[in-house]
Amino acid sequence: MIVCHCQKISDHDIHAAVDWMRAADPETIITPGKVYRALGKRAKCGGCMPLFLSTMRRNANMEVPADLRTPVFGKAKEIGHEGR
Ligand code: FES
């Protein structure tokens, strides 16, 4: 199924890009922009974004890495920032 008509991107293209990015870097945060770049394209009108995002979310590899899910409140002092 075509998801992005401007760039002719299908749901299979999106799933392949997400799978490839997760395999290349298990800790990466996958965004629509990264998917477009992985496919060598860029968004034009943005009208596909709701369907594009829901297609991405259906992919099992879209999970945010566990260590990035926990808020890091208080970590600023541990790593030396003043918290400003
Ligand atoms: S339909 Fe995807 S950018 Fe226009």
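Source: prediction; values computed, not measured.

Quick word on the environment of Cys48
Part 1 of the argument: With respect to the secondary-structure elements, Cys48 resides in the loop between helix H2 (32–38) and helix H3 (49–57).
Part 2 of the argument: Classification of Cys48 by relative accessible area gives buried; the value is 9%.
Part 3 of the argument: The contact partners of Cys48, leaving out residues within four places of it in the chain, are Val3, Cys4 and Tyr36.

Remarks on the packing of aromatic side chains
Aromatic ring pairs are described here by two measures, namely the spacing of the ring centres and the angle between the planes.
Part 1 of the argument: Using the criterion set out here, one finds 1 aromatic pair in the structure.
Part 2 of the argument: On the basis of an interplanar angle of 5° and a centroid distance of 4.7 Å, the ring pair of Tyr36 and Phe52 is categorised as stacked. Taken as a pair, Tyr36 in helix H2 and Phe52 in helix H3 lie far apart in primary sequence, 16 residues in all. Judged on exposure class, the residue Tyr36 and its partner Phe52 are both buried.

Structural notes on unusual backbone geometry
Part 1 of the argument: One non-glycine residue, Lys8, lies in positive phi territory at about 55°.
Part 2 of the argument: Within the element layout of this structure, Lys8 appears in the loop between strand E1 (2–4) and strand E2 (9–10).

Thoughts on the nonpolar core
Part 1 of the argument: The biggest cluster of nonpolar side chains holds 14 residues, and the ones touching the most others in it are Ile14, Ile30, Val35, Phe52 and Met56.
Part 2 of the argument: Sorting the residues of this core by element identifies E1, helix H1 (11–24), H2 and H3 as the ones contributing at least two each.
Part 3 of the argument: Here the element with the most residues in this core is H1; it accounts for 4 residues.

Quick look at the environment of Ser10
Part 1 of the argument: Note on placement: Ser10 falls in strand E2.
Part 2 of the argument: With 45 residues separating them along the chain, Ser10 and Thr55 place their C-alpha atoms 9.6 Å apart.
Part 3 of the argument: When near neighbours in sequence (up to four residues on either side) are disregarded, Ser10 contacts Met1, Ile2 and Val3.

What to know about H3
The α-helix advances 3.6 residues per turn, and as a result positions three or four apart in sequence lie on the same side.
Part 1 of the argument: All of the buried residues along H3 are Phe52, Thr55 and Met56. Projected down its long axis, H3 shows its buried positions confined to an angular sector of 100°, all on one face. Facing away from the buried side of H3 by over 90 degrees, the exposed positions are Pro50 and Arg57.
Part 2 of the argument: Turning to H3, the residues buried within the fold contact E1, E2, H1 and H2.

As for a nonpolar patch on the surface
Part 1 of the argument: Together, Ile29, Val64 and Leu68 make up an exposed nonpolar region whose accessible area comes to about 230 Å².
Part 2 of the argument: Tracing the sequence through the fold places Val64 in the loop between H3 and helix H4 (75–78).
Part 3 of the argument: By relative accessible area, Val64 is classed as partly exposed at 36%.

So, how was this worked out
Residues numbered from 1 in each chain as written. Predicted model: local features only at pLDDT ≥ 70, side-chain atom pairs only at ≥ 80, totals over all residues. Heavy atoms only, no water. Helix = DSSP H or I, 4+ residues; strand = E, 2+ residues; numbered from the N terminus. Buried < 20%, exposed > 50% of the residue type's maximum accessible area, 1.4 Å probe, protein only. Contact = heavy atoms within 4.5 Å. Phe/Tyr/Trp six-rings, centres within 6.5 Å; stacked < 30°, edge-to-face > 60°. Core = buried A, V, L, I, M, F, W, Y, C linked by side-chain atoms within 4.5 Å. Arc of directions from axis to C-beta. Patch = residues over 30% accessible without salt bridge, like charges linked within 9 Å, V, L, I, M, F, W, Y side chains within 5 Å. Areas by Shrake-Rupley, 256 points an atom, 1.4 Å probe, with all protein chains shown as cover. Salt bridge = Lys/Arg side-chain N within 4 Å of Asp/Glu carboxyl O.

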